2 protein chains.
Amino acid sequence: MKGLVLGVDPGSLNTGFGVIRAEADRLTHLAHGRIAVSSRLPLELRLCQIYDGLRELIREHQPQTLALEDIFLANNVKSAFALGQVRGVVLLAAAQASLPVHLYAPLVVKKAVVGYGGASKAQVKLMVEQLLGLKVNNNHAADALAVGVCHLFHSRTLSFYS
Amino acid sequence: MKGLVLGVDPGSLNTGFGVIRAEADRLTHLAHGRIAVSSRLPLELRLCQIYDGLRELIREHQPQTLALEDIFLANNVKSAFALGQVRGVVLLAAAQASLPVHLYAPLVVKKAVVGYGGASKAQVKLMVEQLLGLKVNNNHAADALAVGVCHLFHSRTLSFYS
């Protein structure tokens, strides 16, 4: 298991992030948090702040990969559209930094982190905290760390065959 | 009626654009076309090309405003999500260039251009061609020009009261 991943959980108001390094059998947490934007700002300025925040994280931590959840279970067309806008900006920041993007279905993330695809959000958070040896106060950051952990576990699995 | 607008019709594979100048009672077409991206490219690279294309258009034409259709009548959550990603990148490019973004509902665009909210796409295209004195071979570009024309007509209306 090897690599440095930036996990991101895009959201219209809170975009969670988590930076994790994997070496041998060890996961090291480097940073996590959320890029919070005000709902009172025009949408385009919110997107700007999210983009700038991600660029800054990429510059600071120089990750090798950006990991995201693949399918967003939007309640409706409007929220899918809103979330798509944020995800577009996240993908752009990754591409501009030549970061490969890896997408994982929510079920795959849960399975990788908890070992069970039907795990609850609380179980995922608890397991992320145990794996990384820290307390995460924010759900967006926990989701971002979870997809990062998932990516590192999958890279490990893949490397068995390489 | 006064101003220089960049109308944009975002799309996953074809993003239409139209640049129109208004002076006194005259509309002048400066450019139109589409930013076409290959479906074989990874999504993040497609977003990069759309973003770069828009930045180039903004640099070249120095518009004062970016105009977009407000509500996307997505068939489903998946297409809303895909389109949202492109729109996020369009809005980012506008915000980074300090371009105000104006959104118009499809019905408002049709009403402004054709005079009738229930107009067909073909009618909108025909009217755009007549107003600007040109032939538009591409539907995405026609839609982008239409929202640009709509914006200029609305600025005119507003200026009566200012």
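Look up: the structure comes first, before these words.
Structural notes, computed from the coordinates. (Residues numbered from 1 in each chain as written. Chains lettered and ligands numbered in written order. Predicted model: local features only at pLDDT ≥ 70, side-chain atom pairs only at ≥ 80, totals over all residues. Heavy atoms only, no water.)

## A word on the relation of the copies chain B and chain A
Part 1 of the argument: When chain B is brought onto chain A, the operation consists of a screw motion whose angular component is 180 degrees and whose axial shift is 0.0 Å, with 0.0 Å RMSD remaining. The superposition of one copy onto the other is thereby described by a two-fold rotation axis.
Part 2 of the argument: Mapped onto chain A, 100% of the interface residues of chain B again fall at the interface, so both copies present the same surface. (Least-squares fit on C-alpha atoms with pLDDT ≥ 70 in both. Contact = heavy atoms within 4.5 Å.)

## Considerations on the side chain of Asn14 of chain A
All names here are of chain A.
Part 1 of the argument: By secondary structure assignment, the location of Asn14 is in strand 2 (residues 14-23).
Part 2 of the argument: Note on Asn14: relative accessible area 18%, which makes it buried.
Part 3 of the argument: Polar contacts involving the side chain of Asn14 include one to the side chain of Arg34, which spans 2.4 Å.
Part 4 of the argument: Once you skip the residues sitting within four places of it in the chain, Asn14 turns out to touch Asp9, Arg34, Ile35, Ala36 and His140. (Helix = DSSP H or I, 4+ residues; strand = E, 2+ residues; numbered from the N terminus. Buried < 20%, exposed > 50% of the residue type's maximum accessible area, 1.4 Å probe, protein only. Polar contact = N/O pair within 3.5 Å; in protein donor to acceptor, adjacent residues only side chain to side chain.)

## Some details on the packing of helix 1 (residues 43-61) of chain B against helix 2 (residues 77-96) of chain B
Residues and elements named next belong to chain B.
Part 1 of the argument: Contact pair helix 1 / helix 2: the axes reach a minimum separation of 9 Å and the direction vectors enclose 35 degrees. Of the two elements, helix 1 crosses helix 2, and the hand of that crossing is right-handed. Every residue of helix 2 that contacts helix 1 at Leu43, Leu47, Ile50, Tyr51, Leu54, Arg55 and Ile58 is listed here: Gln85, Val86, Val89, Val90, Leu92, Ala93 and Gln96.
Part 2 of the argument: Partitioned by chemical class, the residues of the contact of helix 1 with helix 2 number eleven nonpolar, two polar and one charged. (Axes fitted to C-alpha atoms, helices over the stretch in contact; angles between N-to-C directions. Left-handed = near helix turned anticlockwise from the far one by under 90°. Nonpolar A, V, L, I, M, F, W, Y, C, P; charged D, E, K, R; others polar.)

## A word on the interface of chain B and chain A
One widely used convention gives an interface's size as the accessible area the parts lose upon coming together.
Part 1 of the argument: Across the contact, 24 residues belong to chain B and 24 residues belong to chain A.
Part 2 of the argument: Overall, the association of chain B and chain A removes approximately 2000 Å² of surface from exposure, summing both partners, and the carbon and sulfur fraction of that is 78%.
Part 3 of the argument: Three residues, Glu44, Phe81 and Leu92 of chain B, lead the burial of chain B against chain A; their summed loss comes to 29% of the area buried on that side.
Part 4 of the argument: Summed over the shared surface of chain B and chain A, the result is zero salt bridges.
Part 5 of the argument: Applying the counting criterion to the chain B and chain A interface returns four residue pairs in polar contact (both at pLDDT 80 or more).
Part 6 of the argument: Counting residues per element, the ones that place at least two in the side of chain B that touches chain A are helix 1 and helix 2 of chain B.
Part 7 of the argument: Ranked by residues supplied to the side of chain B that touches chain A, first place goes to helix 2 of chain B with 13 residues.
Part 8 of the argument: The residue makeup of the side of chain B that touches chain A, split by class, is 16 nonpolar, five polar and three charged. (Buried area = accessible area lost by both parts, 1.4 Å probe. Salt bridge = Lys/Arg side-chain N within 4 Å of Asp/Glu carboxyl O.)

## Observations concerning the packing of helix 3 (residues 106-114) of chain B against helix 4 (residues 121-132) of chain B
Residues and elements named next belong to chain B.
Part 1 of the argument: Where helix 3 meets helix 4, the closest approach of the two axes is 9 Å, and the angle between their N-to-C directions is 45 degrees. Looking at the two axes, helix 3 sits oblique to helix 4. As helix 3 runs across helix 4, the sense of the crossing is left-handed. Facing helix 3, whose interface residues are Lys110, Val113 and Val114, helix 4 presents Gln123, Val124, Met127, Val128 and Leu131.
Part 2 of the argument: Its residues placed into classes, the contact of helix 3 with helix 4 shows six nonpolar, one polar and one charged. (Parallel < 35°, antiparallel > 145°, perpendicular 65-115°, else oblique.)

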